[in-house]
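Examining the three-dimensional arrangement
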Amino acid sequence: MKNRHASGTPGTSRRTLLIAGSIALGSALLATSPFASARTLEEIIASKKIVFGVNPTLPPLGIFNDKNQIDGFDVEIANKIAEVLGVKAEIVQVGSPDRIPFVSSGKIDAVLGAMTITAERAKVIDFTVPVHTEVLGVLTTRGKPYKDFMELNDPAVRLVEVRGSTPVKLVQEKLPKAQLLLLDNYPDAVRAIAQGRADAMIDVMDFMTEHTRKHKVDWRIVEAPIDTYYCAIGVQKGNDALREKLTGAIKTLHANGYIDERWKKWFGAPMLSDPRVYPGYK
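Described below are features of the structure shown in this document. Not measured: the values here are computed from a predicted model. (Residues numbered from 1 in each chain as written. Predicted model: local features only at pLDDT ≥ 70, side-chain atom pairs only at ≥ 80, totals over all residues. Heavy atoms only, no water.)

What about the overall build of the protein?
Going by this rule: We count a stretch as a helix when DSSP gives it H or I for four or more residues in a row; a strand needs E for two or more, and each element gets its number in order from the N terminus. Buried means the residue's accessible area, taken with a 1.4 Å probe over protein chains only, is under 20% of the maximum for its type, while exposed means over 50%, and partly exposed covers the values in between. The contact rule is simple, with two residues in contact once any of their heavy atoms fall within 4.5 Å. Under the convention used here, a 1.4 Å probe and the Shrake-Rupley method define accessible areas, while residue burial counts only the protein chains that appear.
A count of helices and strands for the protein gives nine helices and 13 strands. Here the protein, with 282 residues, has 51% of them falling under the buried criterion. Within the protein, contacts between residues separated by at least 24 positions form 70% of all contacts whose residues are at least 6 apart in sequence. Surface summary for the protein: the accessible area is close to 12,500 Å², and the carbon and sulfur share equals 53%.

Observations concerning the nonpolar core
For soluble globular proteins, the rule of thumb is that nonpolar side chains tend to be buried together. Rules: Nonpolar cores are built from buried Ala, Val, Leu, Ile, Met, Phe, Trp, Tyr and Cys residues. Side-chain atoms within 4.5 Å join them into one set.
In this structure, Ile50, Phe52, Phe73, Ile81, Leu152, Ile233 and Leu246 are the most contacted members of the largest nonpolar core, which totals 51 residues. For this core, the secondary structure elements donating two or more residues are helix H2 (41–47), strand E1 (49–54), helix H3 (73–85), strand E7 (132–141), strand E10 (201–204), helix H8 (240–255) and helix H9 (258–267). Considering every element that reaches this core, the biggest residue donor is H3, with seven residues. Those residues within four positions of Ile233 in sequence are excluded, and the remaining contacts are Phe52, Ile81, Ala110, Val111, Leu112, Asp126, Phe127, Thr128, Val131, Leu246 and Ile250.

Digging into the environment of Thr247
Following the sequence through the fold, Thr247 ends up in helix H8. Between the C-alpha atom of Thr247 and that of Ala232, which follows or precedes it by 15 residues, the distance is 9.2 Å. Excluding residues within four positions of it along the chain, Thr247 makes contact with Thr128 and Val129.

Considerations on the packing of aromatic side chains
Stated precisely, the cut-off is as follows: Each Phe, Tyr or Trp ring, with Trp reduced to its six-membered ring, pairs with another whose centre is within 6.5 Å; inter-plane angles below 30 degrees give stacked pairs, above 60 give edge-to-face pairs, and intermediate values give tilted ones.
Tallied over the entire structure, the rule returns five aromatic pairs. For the ring pair Phe207 and Phe267, a centre distance of 5.3 Å and an interplane angle of 70 degrees mean the geometry is edge-to-face. Separated by 60 residues along the polypeptide, Phe207 in the loop between E10 and helix H7 (209–212) and Phe267 in helix H9 bring together distant segments of the chain. Judged by its relative accessible area of 1%, Phe207 falls in the buried class. On the basis of relative accessibility, which here comes to 3%, the residue Phe267 falls in the buried class. Their ring planes at 50 degrees and their centres at 5.0 Å tell us that Tyr230 and Tyr278 sit as a pair that is tilted. One end of the pair, Tyr230, is in strand E12 (residues 227–231); the other, Tyr278, is in the segment after H9, with 48 residues separating them in the sequence.

Digging into the packing of H3 against H8
Convention followed: Fitted lines through C-alpha atoms give the axes, limited to the stretch in contact for helices. The angle between two N-to-C directions lies from 0 to 180 degrees. Each angle gets one of four labels, with under 35 degrees taken as roughly parallel, over 145 as roughly antiparallel, 65 to 115 as roughly perpendicular, and the rest as oblique. The hand of a helix crossing depends on one turn: near helix anticlockwise from the far one by less than a right angle means left-handed, and clockwise means right-handed.
Running from N to C, H3 and H8 point in directions that differ by 110 degrees, and their axes come no closer than 10 Å. Classified by the angle their axes make, H3 and H8 are roughly perpendicular. Both H3 and H8 take part in a crossing whose hand is right-handed. In this structure, H3 contributes Lys80, Ile81, Val84 and Leu85 to the contact, and H8 contributes Lys245, Leu246, Ala249, Ile250 and Leu253.

Thoughts on helix H5 (residues 166–174)
Threshold: Directions from the helix axis toward the C-beta atoms define the arc.
Among the residues of H5, Pro167, Val168 and Val171 are the ones counted as buried. Projection of H5 onto a plane perpendicular to its axis shows the buried side chains occupying an angular sector of 110 degrees, all on one side. Turned more than 90 degrees away from the buried face of H5, the exposed residues are Lys169 and Glu173.

Things to note about the pattern of salt bridges
For clarity, the cut-off: By definition, a salt bridge exists where a carboxyl oxygen of Asp or Glu is found within 4 Å of a side-chain nitrogen of Lys or Arg.
Applying the stated criterion to the full structure yields 17 salt bridges. The partner of Asp184 in a salt bridge is Arg163, and the shortest N-O contact between them spans 2.3 Å. One end of the pair, Asp184, is in the loop between strand E9 (179–183) and helix H6 (186–194); the other, Arg163, is in the loop between strand E8 (158–162) and H5, and 21 residues separate them in sequence. Judged by relative accessible area, Asp184 falls into the partly exposed class, the value being 42%. Using a relative accessible area of 38% as the deciding quantity, one classes Arg163 as partly exposed. Among the ionic pairs, Arg220 bridges to Glu223, the shortest N-O distance being 3.2 Å. Given a relative accessible area of 8%, Arg220 falls into the buried group. Residue Glu223 is classed as exposed on the basis of its relative accessible area, which comes to 58%. A cluster of three or more residues bridged by salt bridges with shared partners is formed by Glu76, Glu261, Arg262 and Lys265.

A short note on H6
How we decide: Any pair of nitrogen or oxygen atoms within 3.5 Å is treated as a polar contact; in protein, a donor-acceptor pairing is required on top of that, and neighbouring residues in sequence qualify only through side-chain atoms on both sides.
Among the residues of H6, those classed as buried are Tyr186, Ala189, Val190, Ala192 and Ile193. Along the long axis of H6, the arc covered by the buried residues comes to 150 degrees, so they all point the same way. Residues of H6 that are buried in the fold lie against E7, E8, E9, E10, H7 and strand E11 (219–221). Two or three places before Asp188, at the start of H6, stands the capping residue Asn185, its side-chain oxygen 2.8 Å from that residue's backbone nitrogen.

This is how it looks when you write it as structure tokens:
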């Protein structure tokens, strides 16, 4: 799978191959070498520092700022959680394939970066409650009548997708009757809808704002999502005290509105789905 921005531009990795790659790498590491024990919550508090892994190639979750420092939504959340814990946050760069091995080996205390909760990943690491969601859905314009993505399976519908992105396979399998225009990057794909050359596109809607706001078009996201991903913080398997402490901090930041506020700052719009509806959120 290619990143969300297909032509080499950093973006959100979507989704199946990176999940599988992370799981495979983490599982292989589990099978072949004994992991160092992760730092306990007591050790983290005593050191006055917690080490978070953040992927800076998933804007705006993680980016490099003008000072070449890792910044973004994940960094602000990590720093605020550290503040709640009474420690400082140290941010370590991780990539999508090494996120799980880094936290499993104790190289970092916890990891962010679009860490979708999945059953396979949960065999390798433990998760907090979700920090945020990502919604796979349909971007179109106000004049289009679609209420469900299966309505796009029509020869009259012109879909546009980014070449090499995950939704292309979904469109080919689920919506074979629709016309499909493949372009090389997200700005061009969104522009095609704005210019009337396409009717809709399927992707993770949370990341579309950076492109749609550049066009004076009455955009609409189809109300019924195709899927919702719940993204949490990962910790080493069995590090229950740390997981519970981080979960408590996340719940505090949801309750006081900090997470929603930071999301609007970085994404330019409210979160599309409330992470607190996750079945494991107590």
